[in-house]
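An overview of the molecular structure
Now for the letters of each chain:
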Amino acid sequence: MKMNLVAILRVAVRALNRNKLRTALTMLGIIIGVGAVIAMVSIGQGAQAMVQDQINGMGSNMMMIMPGNIFFGGASLGAGAASTLTEEDVQAMVREIPTIAAASPVVRASGQFVFGNQNWFAQIQGANEKFPLIRNWKVERGEFFTDLDVRSADRVVVLGKTVADKLFAGIDPVGQMIRIRNLPFRVIGVLAPKGQSMVGQDQDDTAVVPYTTVQKKLLAQQIPSIHQAMLSSVSAQASAVTEKQVTELLRQRHKIQPGQTDDFLVRSLTDVAQASAQVTTLMTILLGSIAAISLIVGGIGIMNIMLVSVTERTREIGIRMAVGARPNTIRLQFLTESLVLSLAGGAVGVVIGGTLATLVSRVLGWPTLVSALSVLISFAFATAIGIFFGYYPAHKAAALDPIDALRYE
Amino acid sequence: MNTQLAQSLNRSSAKHDSDLTTPSAPSLRSAQPLLGLRPLGLAPRALLCEEGNALIRLDRIHKVYHMGDVEVHALRGVSLEIHRGEFVAIMGPSGSGKSTMMNIIGCLDHPTKGHYFLEGSDVSQVDKAGLADIRNKSIGFVFQSFNLVPRTSALENIELPLIYAGIPAGERMRRARAALGEVGLADRERSMPNQLSGGQQQRVALARALVNNPSLILADEPTGSLDTRTSVEVMEIFQRLNRNRNLTVIVVTHEPDIAHYANRIIQFRDGRIRRDFSVENGKDAGEVLMELPRETEDEEESGGPAGSKEAGAKE
């Protein structure tokens with residue numbers, strides 16, 4: 001090709017400049033298409049990131065073990081145990097499964113918290129000193145309780161942010177004495193704020209106490225029992241192995257025969273994470289493909305206008321051919337025009353889509369994610385559309401006979 | 001095939017360029033400024049009329065069109081030679097085959113049978129891209145309806161052939177300006193075609209035909225849309241180019257008046273050459289122009305050198 005690309009580009013831009021309104025309207029199709037793709041994919045990815053954030057916030061690679069349905073089913077199984085899950089089970093897991101990083105029994109309670117003339121009703125979680133590690137939850141002020149506190153069932157409490165704020169307006173809670181269910185407790189720490197859970201629950205409306213204290217002091221159990229166990233695997237990759245080994249160990253310890261159902265339930269957060277990631281990915285794909293359809297509609301608009309343009313400019317094409325434009329050069333010129341249209345539209349679309357995504361996510365409080373990848377993909381898409389829908393009109397222009405084209409009225 | 005042809009074209013032009021160094025050439029060249037022509041830096045492709053080496057040689061050209069089931073025999077074995085430096089008028093009633101002839105000579109169409117040698121090369125079977133290159137290098141077109149690209153300035157219109165020749169932007173601009181000056185419209189380079197009068201548009205078209213320094217100017221009814229005075233002005237430019245730069249000019253026309261500015265007239269009828277004769281004491285457009293009454297409005301000082309006053313011309 002003799003004619004250089006800069007000259008071709010200049011001719012294309014000049015041609016588009018000659019009919020500004022039409023060019024702008026044609027571009028609008030691509031602008032809306034690309035803008036929609038960018039906005040939709042960004043919003044989708046933002047939602048995905050938010051879900052991921054919350055899952056990570058619950059504790060890295062965390063797993064919950066709950067007594068099974070059998071316990072509530074009415075059918076008597078085992079020797080009348082109040083719970084199918086015991087402290088010993090938890091200890092055995094830590095001892096025998098190497099992929100477990102930390103584990104803790106969970107005993108739940110609730111009650112009235114009183115400080116001075118303030119009071120607040122909150123959930124109480126009984127756990128051991130591994131709680132911050134398993135839940136990936138830092139202590140903002142003060143400190144967490146130790147294994148000594150657990151062993152001696154000390155009346156110490158680490159407050160969630162909400163509880164701390166409700167009881168201590170403007171006072172440092174650490175070191176203060178409060179009453180929980182009328183029993184005096186010393187506040188030794190305040191947890192960092194965590195915000196809402198996936199189901200919209202305030203995770204900070206809680207307090208953590210040694211589980212032994214809950215068993216002996218708050219619930220005053222005759223035979224200490226635990227409600228759940230929580231544990232974390234050493235890594236996300238190891239959680240599948242951990243889950244399998246936990247199941248095997250507990251079946252063995254609970255003497256469950258092959259073919260019998262488990263009397264416990266292992267819920268891995270990676271399962272939850274994967275499930276919700278799947279849902280949000282599906283949503284992203286769905287939104288993205290709806291947007292992609294509008295991009296295709298924009299492409300059809302380009303083809304339409306290019307066809308009109310070729311017909312309108314038949315004579316011009318004839319002139320260009322007469323003065324020495326090869327059919328290939330004409331083809332390239334019209335292809336360049338549709339490419340300029342789609343790429344310029346794409347650029348404006350990226351800006352508009354990005355702005356839209358930022359606005360939407362700000363309103364919904366989601367993290368914005370206008371990823372370089374989605375920008376790249378929609379540009380590639382716009383280019384492909386420019387070439388695909390520009391090819392036929394360009395081909396039609398190149399196939400014109402110069403004599404007929406020159407005579408065209 | 002194309003590259004071979006292009007090479008042979010280059011070779012022939014190089015050969016003619018070297019003719020400039022022969023003693024007869026400088027006198028022609030030095031005569032140019034006196035006649036108000038800027039040298040342009042464009043060396044005429046050929047200064048000498050070479051016997052036996054015609055610029056155009058047609059050998060029993062036939063052209064048959066198929067219109068549905070009907071065969072139209074537009075050319076029935078035309079043989080013809082045109083040499084460098086000739087000013088030829090092709091005449092004939094409509095349907096005589098003169099337009100077909102022009103399309104074939106202009107490399108816009110292939111003959112059905114026969115051979116066409118342009119600058120010594122057989123171009124009758126060259127493909128579309130190759131023909132485009134030949135048109136770009138060797139032929140300048142002027143049409144009845146001017147055929148300027150609309151909403152594109154005069155200068156940009158003139159640049160077109162240079163763009164397709166792959167000439168860099170700076171040189172394009174320089175050569176386009178020079179060509180515009182040569183047709184006396186140096187001050188209208190930014191004007192759009194619809195801001196120019198018919199005569200001015202045709203002169204821009206002429207500049208475009210000239211700019212790539214072709215061996216042949218092919219004009220199809222160049223005065224068909226112009227009034228008498230403007231027609232003579234355009235013919236004056238043709239004559240000037242033909243005489244001063246030894247440019248070969250072929251004009252297709254049905255007006256005997258216009259044909260008599262040429263040195264040779266070829267008359268077509270029913271797809272054959274009916275008459276082919278030299279014009280004895282042909283008209284000189286410059287002289288005719290002097291005798292024509294000047295127009296009060298839209299006054300154009302044509303025949304004058306480049307850069308003459310054109311500011312008065314308005315739409």
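Residues numbered from 1 in each chain as written. Chains lettered and ligands numbered in written order. Predicted model: local features only at pLDDT ≥ 70, side-chain atom pairs only at ≥ 80, totals over all residues.

Attention now moves to the overall build of chain A. Looking only at helices and strands, chain A has 14 helices and 10 strands in total. Residues classed as buried in chain A amount to 44% of the 409 residues present. In chain A, of all internal contacts separated by at least 6 residues, the share reaching a separation of at least 24 is 82%. (Helix = DSSP H or I, 4+ residues; strand = E, 2+ residues; numbered from the N terminus. Buried ≥ 20, exposed ≤ 12 C-beta atoms within 10 Å, placed from the backbone. Contact = placed C-beta atoms within 7 Å.)

Our focus in this paragraph is the overall build of chain B. Each helix and strand counted, chain B has 10 helices and 10 strands in total. Put simply, chain B has 315 residues, and 46% of those count as buried.

Another point: helix H12 (residues 327–364) of chain A. If you check H12(A), its first and last C-alpha atoms are 54 Å apart, about what 38 residues at 1.5 Å a residue would give, namely 56 Å. Downstream of H12(A) by a residue or two, A:Gly365 has a phi angle that is positive, lying close to 70°. (Expected span 1.5 Å × (residues − 1).)

With that settled, the discussion passes to the confidence of the model for chain A. Residue and element names in this part refer to chain A. Summarising the model, chain A shows a mean pLDDT of 86, and 92% of its residues fall at 70 or more. Put simply, helix H3 (residues 70–73) is where chain A has its lowest mean pLDDT, 46, and strand E5 (residues 156–159) is where it has its highest, 95. Under a pLDDT of 50 for its full length, residues 76–82 has, in the predicted model, five contacts with residues more than four places off or in other chains. (pLDDT = per-residue confidence, 0-100.)

What follows is about the interface of chain B and chain A. Frequently, the measure chosen for interface size is the accessible area that the parts lose on association. Chain B puts 21 residues into the contact, and the matching count from chain A is 21 residues. Residue assignment for the side of chain B that touches chain A shows that the elements contributing at least two residues are helix H4 (128–138) and helix H5 (154–164) of chain B. A total of six residues in the side of chain B that touches chain A trace back to one element, the largest contributor, which is H4(B). Among the residues forming the side of chain B that touches chain A, the class breakdown is 11 nonpolar, four polar and six charged. (Nonpolar A, V, L, I, M, F, W, Y, C, P; charged D, E, K, R; others polar.)

Once that is clear, we can look at the sheet that holds strand E4 (residues 113–118) of chain B. Residues and elements named next belong to chain B. Pairing is antiparallel in the open sheet, where four strands are placed in the order E2-E1-E4-E5. Two strands lie at the open edges of the sheet, namely strand E2 (70–82) and strand E5 (121–122), each paired on one side alone. Two strands pair when backbone bridges link them, and strand E1 (residues 56–67) and E4 are joined in this way by five bridges, in the antiparallel orientation. Bridge pairing in E4 links Asp59 to His115. (Pairing = 2+ DSSP bridges.)

A separate point is unusual backbone geometry. Residues and elements named next belong to chain B. Even without being a glycine, Cys107 presents a positive backbone phi close to 60°. If you trace the backbone, Cys107 turns up in the loop between helix H3 (98–105) and E4. Judged by C-beta crowding, with 26 C-beta atoms within 10 Å, Cys107 ranks as buried.

Grouped together as the largest cluster of nonpolar side chains are 133 residues, with contacts concentrated most on A:Val37, B:Ile90 and B:Ile250. Broken down by element, the residue count for this core peaks at 13 residues, all from helix H2 (residues 20–58) of chain A. Residues within four places of B:Ile90 in sequence aside, it is in contact with B:Lys98, B:Met101, B:Met102, B:Ile250, B:Val252, B:Ile266 and B:Phe268. Membership of the second largest hydrophobic core comes to 49 residues, among which are A:Met62, A:Phe113, A:Leu191 and A:Val214. (Core = buried A, V, L, I, M, F, W, Y, C linked by C-beta atoms within 7 Å.)

Here the focus is the confidence of the model for chain B. Residues and elements named next belong to chain B. Here chain B averages 80 in pLDDT, while 76% of its residues score no lower than 70. This model gives residues 296–315 a pLDDT under 50, and the stretch forms 38 contacts once residues within four places in sequence are excluded. The ipTM, which scores confidence in the relative placement of chains, is 0.77 for this predicted complex, and the corresponding pTM is 0.67.

Residues and elements named next belong to chain B. Within the secondary structure layout, Gly114 lies in strand E4. Residue classification places Gly114 among the partly exposed positions, given that 17 C-beta atoms sit within 10 Å. A sequence separation of 55 residues divides Gly114 from Asp59, and the C-alpha atoms of the two residues are 5.6 Å apart. In this structure Gly114 touches Asp59, Arg60, Ile61, His62 and Ser124, once residues within four positions along its chain are discounted.

In this section: the sheet that holds strand E6 (residues 139–142) of chain B. Residue and element names in this part refer to chain B. Taken in spatial order, the six strands line up as E6-E7-E8-E3-E9-E10 in an open sheet, and their pairing is mixed. Only two strands of the sheet have a single neighbouring strand rather than two, namely E6 and strand E10 (272–278). For this sheet, the mean inter-axis angle between neighbouring strands, taken without regard to orientation, is 15°. Here strand E9 (residues 264–269) runs beside E10; their pairing, made up of six bridges, is antiparallel. Bridge pairing in E10 places Phe268 opposite Ile273. (Axes fitted to C-alpha atoms, helices over the stretch in contact; angles between N-to-C directions.)

Right, let's get into the pairing of strand E3 (residues 118–127) of chain A. Residue and element names in this part refer to chain A. For strand E2 (residues 100–115) and E3, the ladder comprises nine bridges, and the chain directions are antiparallel. Looking across to E3, one finds that Gly111 is bridged to Ala122. Linking two consecutive strands that pair antiparallel, namely E2 and E3, is a turn of two residues; a positive phi of about 55° is found at Gly116 within it. By the bridge criterion, five bridges tie E3 to strand E8 (residues 206–210) in an arrangement that is parallel. Bridged to Ile124 within E8 is Ala207.

Residue and element names in this part refer to chain A. Running from N to C, helix H1 (residues 5–17) and H12 point in directions that differ by 65°, and their axes come no closer than 9 Å. Pair H1 / H12 crosses with right-handed handedness. Taking contact as the criterion, the partners of Ile8, Leu9, Val11, Ala12, Val13, Ala15 and Leu16 in H1 are, on H12, Leu332, Gln333, Thr336, Glu337, Val340 and Leu341. (Left-handed = near helix turned anticlockwise from the far one by under 90°.)

This part takes up the environment of B:Asp220. All names here are of chain B. Considering the arrangement of structural elements, one finds Asp220 in strand E7 (residues 216–220). A residue is classified by how many C-beta atoms lie within 10 Å of it, and Asp220, with 22 of them, is buried. Considered as a pair, Asp220 and Lys98 are 122 residues apart in the sequence and their alpha carbons are 9.6 Å apart. Ignoring any residue separated from it by four or fewer positions in sequence, one finds Asp220 in contact with Met102, Phe143, Gln144 and Val252.

So, about the pairing of strand E7 (residues 183–191) of chain A. All names here are of chain A. Examined bridge by bridge, strand E4 (residues 139–142) and E7 share three bridges and lie antiparallel to one another. If you follow Arg141 over to E7, its bridge partner there is Val190. Pairing between E5 and E7: four bridges, direction parallel. When the sheet's bridge partners are listed, Val158 is paired in E7 with Gly189. Strand direction decides the pairing type here: strand E6 (residues 177–180) and E7, joined by four bridges, are antiparallel. Bridging from a neighbouring strand, Met177 pairs with Arg186 of E7. Following E6, the chain reverses through two residues before pairing antiparallel with E7; Arg181 in that reversal takes a positive phi of roughly 50°.

Moving on: the packing of H12(A) against helix H13 (residues 372–398) of chain A. Residues and elements named next belong to chain A. Look at H12 against H13: their axes get within 7 Å of each other, and the N-to-C directions meet at 150°. Classified by the angle their axes make, H12 and H13 are roughly antiparallel. The handedness of the crossing between H12 and H13 is right-handed. (Parallel < 35°, antiparallel > 145°, perpendicular 65-115°, else oblique.)

Before going further, it helps to spend a moment on the environment of A:Ala380. With respect to the secondary-structure elements, A:Ala380 resides in helix H13. With 37 residues separating them along the chain, A:Ala380 and A:Leu343 place their C-alpha atoms 9.1 Å apart.

This paragraph deals with H13(A). One turn of the α-helix equals 3.6 residues, which is why residues spaced by three or four share an orientation. In this model H13(A) runs 37 Å from its N-terminal to its C-terminal C-alpha over 27 residues, within 8% of the 39 Å that 1.5 Å per residue would give. Considering bend angle alone, the principal kink of H13(A) is centred on A:Tyr391 and spans about 40°; proline A:Pro393 follows within four residues of it. (Bend = angle between axes of the 7 residues up to and from the residue.)

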